[in-house]
Amino acid sequence: MDEEIGRLRKNSSTEIVVRQTEFKGTVGVDIREYTTSERYTGWSKNGIRIPVEIWGQFKGILDQVKCVDLSKGEEA
């Protein structure tokens, strides 16, 4: 049931990956870091899993975040 939703480049060696997953019989959304380097390639321990039951609440909180352009001091 694991399905990748999207990726964002964090820096030259790390991507933030959003996936819908099933773990121990429950569905949720995983937001994790994937690292690619000479020493290690794979999932880091950094991330969070949001159970589908509270996804709507979580998304509602994210929708309230105001992005600010720090160079201009204005909301983007």
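Here is a short report on the structure shown in this document. (Residues numbered from 1 in each chain as written. Predicted model: local features only at pLDDT ≥ 70, side-chain atom pairs only at ≥ 80, totals over all residues. Heavy atoms only, no water.)

### Regarding the overall build of the protein
Item 1. When helices and strands are counted, the protein shows one helix and six strands.
Item 2. When the elements of the protein are put in sequence order from the N terminus, they spell out β-β-β-β-α-β-β.
Item 3. With 76 residues in all, the protein has 17% of them scored as buried.
Item 4. Excluding contacts between residues fewer than 6 apart, the proportion of contacts in the protein whose partners are at least 24 apart in sequence is 12%. (Helix = DSSP H or I, 4+ residues; strand = E, 2+ residues; numbered from the N terminus. Buried < 20%, exposed > 50% of the residue type's maximum accessible area, 1.4 Å probe, protein only. Contact = heavy atoms within 4.5 Å.)

### Digging into the side chain of Thr 21
Item 1. If you trace the backbone, Thr 21 turns up in strand E2 (residues 14-23).
Item 2. Judged by relative accessible area, Thr 21 falls into the buried class, the value being 3%.
Item 3. At 3.2 Å, the side chain of Thr 21 forms a polar contact with the side chain of Asp 30.
Item 4. Not counting residues up to four positions away in its chain, the partners in contact with Thr 21 are Met 1, Asp 2, Thr 26, Val 27, Gly 28, Asp 30 and Arg 49. (Polar contact = N/O pair within 3.5 Å; in protein donor to acceptor, adjacent residues only side chain to side chain.)

### Thoughts on the pairing of strand E3 (residues 26-36)
Item 1. Here E2 runs beside E3; their pairing, made up of 10 bridges, is antiparallel. In the sheet register, Glu 15 faces E3, and the bridge partner there is Tyr 34.
Item 2. From the end of E2 to the start of E3, which pair antiparallel, there are two residues, and Lys 24 there has a positive phi angle of about 50°.
Item 3. Where E3 lies against strand E4 (residues 41-51), eight bridges are found, and the strand directions are antiparallel. Paired with Gly 28 across the strands is Pro 51, a residue of E4.
Item 4. Taking the residues between adjacent antiparallel strands as the criterion, E3 and E4 are bridged by four residues. (Pairing = 2+ DSSP bridges.)

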